[in-house]
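# Notes for the structure review
Chain by chain, the residues run as shown.
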Amino acid sequence: MPTNPRRPTRLLTRRRTILFALLAPVLIGGLAEIALRGAGAVTLARYRAAVANRSQEGGAEIWAVGDSYTFGIGADDPASESYPAVVARRIEEASGSPTALVNLAEPGLNSTGIVDRLEARLRGGGSPDVILLLAGVNNTRWLGQSGQFCLEEAAGVAEVGAALTGALGGLR
């Protein structure tokens, strides 16, 4: 009996099944990554508007540098419930003077990125009275450009401390 050229053989069907079983998780993972990055960008834009810098005359200038915790992700109202906003409010209450809060934080940054962002801001001018810094949360899970964990890439706390000392050079 002649075989039908349109009908796949069992071997071809088995190969397709194996190929599908191998590629399906990769495709699903890729689509999930794209969806999560898109949702993250939308969320970041929404939060960025809520955490707009508070600028007031005559008081302390506070810079907040860090990752998503400093940024305020997860707070119902990041503009008033993030820890930098709470610290600024407490300084205002204790001093009786208004504060200018500049939130430079960005979700996903590791300690190297945080130091880079602080250095760039200091080079651009400005001299804050207070710098709030929370770093290291993303170091253990975020892979650096080298493909090594950031803690290994940064070669330890001493180097990050030295970079911060250099970045903060002229501040009191």
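Preceding this section is the structure that the text describes.
Residues numbered from 1 in each chain as written. Predicted model: local features only at pLDDT ≥ 70, side-chain atom pairs only at ≥ 80, totals over all residues. Heavy atoms only, no water.

### Examining the overall build of the chain
Counting its secondary structure elements, the chain contains seven helices and three strands. Of the regular secondary structure in the chain, the N- to C-terminal order runs α-β-α-α-α-β-α-β-α-α. Residues counted as buried form 26% of the 172 residues belonging to the chain. When contacts within the chain are restricted to residue pairs at least 6 apart in sequence, long-range pairs at least 24 apart make up 73% of them. On the chain, roughly 11,300 Å² of surface is accessible, and the fraction owed to carbon and sulfur atoms is 59%. (Helix = DSSP H or I, 4+ residues; strand = E, 2+ residues; numbered from the N terminus. Buried < 20%, exposed > 50% of the residue type's maximum accessible area, 1.4 Å probe, protein only. Contact = heavy atoms within 4.5 Å. Areas by Shrake-Rupley, 256 points an atom, 1.4 Å probe, with all protein chains shown as cover.)

### A short note on the packing of aromatic side chains
For any two aromatic rings, the description comes down to two numbers: the centre-to-centre distance and the angle of the planes. Under the criterion given, the structure shown has zero aromatic pairs. Positioned above the aromatic ring of Trp63 is the side chain of Arg121, whose terminal nitrogen or guanidinium carbon lies 5.2 Å from the ring centre. (Phe/Tyr/Trp six-rings, centres within 6.5 Å; stacked < 30°, edge-to-face > 60°. Lys NZ or Arg CZ within 6 Å of the ring centre and 35° of its normal.)

### Here's the deal with helix α4 (residues 83-95)
The periodicity of an α-helix, 3.6 residues per turn, causes residues three or four positions apart to be oriented the same way. Between its first and last C-alpha, α4 extends 18 Å over 13 residues, near the 18 Å set by a 1.5 Å rise per residue. Those residues of α4 that sit buried are Pro84, Ala85 and Ala88. Angularly, the buried residues of α4 cover 100° about the axis, an arc narrow enough to put them on a single face. Away from its buried face by more than 90 degrees, α4 exposes Arg90, Glu93 and Ala94. A positive phi of about 75° marks Gly96, the residue just after α4. (Expected span 1.5 Å × (residues − 1). Arc of directions from axis to C-beta.)

### Let's talk about a nonpolar patch on the surface
On the surface, Ile18, Leu19, Leu22, Leu23 and Leu27 cluster together into a nonpolar patch covering about 510 Å² of accessible area. Secondary-structure assignment places Leu22 in helix α1 (residues 10-50). On the basis of relative accessibility, which here comes to 57%, the residue Leu22 falls in the exposed class. (Patch = residues over 30% accessible without salt bridge, like charges linked within 9 Å, V, L, I, M, F, W, Y side chains within 5 Å. Salt bridge = Lys/Arg side-chain N within 4 Å of Asp/Glu carboxyl O.)

### Considering the sheet that holds strand β3 (residues 130-134)
The three strands lie next to each other as β2-β1-β3, forming an open sheet whose pairing is parallel. Taken across any chain shown, the strands that pair with only one partner, and hence form the sheet edges, are β2 (99-103) and β3. Strand-to-strand twist in this sheet, taken as the mean axis angle between neighbours without regard to direction, amounts to 15°. Where strand β1 (residues 60-66) meets β3, five bridges bridge the pair, whose relative direction is parallel. What sits directly across from Trp63, in β3, is Ile131. Most of the contacts of α4 go to β2, to which it runs at about 170°, and overall it touches β1, β2 and β3. Docked against the sheet, helix α5 (residues 111-123) engages β1, β2 and β3, running at close to 150° with respect to β1. (Pairing = 2+ DSSP bridges. Axes fitted to C-alpha atoms, helices over the stretch in contact; angles between N-to-C directions.)

### Thoughts on the pairing of β1
Of all the seven residues making up β1, six are buried; the element is thus mostly covered by neighbouring parts of the structure. Looking at chain direction, β1 and β2 are connected through five bridges and run parallel. Across the sheet, residue Trp63 finds its bridge partner in β2, namely Val102.

### What to know about the nonpolar core
Across soluble globular proteins, nonpolar side chains have a tendency to be buried as a group. Grouped together as the largest cluster of nonpolar side chains are eight residues: Trp63, Val65, Val102, Leu104, Leu109, Ile114, Leu118 and Leu122. Put simply, the parts of the chain that give this core at least two residues each are β1 and α5. With three residues, α5 is the single largest residue contributor to this core. In this structure Trp63 touches Val102, Leu104, Leu118, Arg121, Leu122, Gly125, Gly126, Ser127, Pro128, Val130, Ile131 and Leu132, once residues within four positions along its chain are discounted. Formed by six residues, the second largest nonpolar core is a distinct cluster that contains Ile62, Ala64, Ala85 and Ala88. (Core = buried A, V, L, I, M, F, W, Y, C linked by side-chain atoms within 4.5 Å.)

### Re the environment of Ile73
Examined against the element boundaries, Ile73 turns out to sit in the loop between α2 (68-71) and α3 (78-81). According to the relative accessible area criterion, Ile73 is partly exposed, its value standing at 35%.

Function cannot be read off these values alone, since they describe shape.
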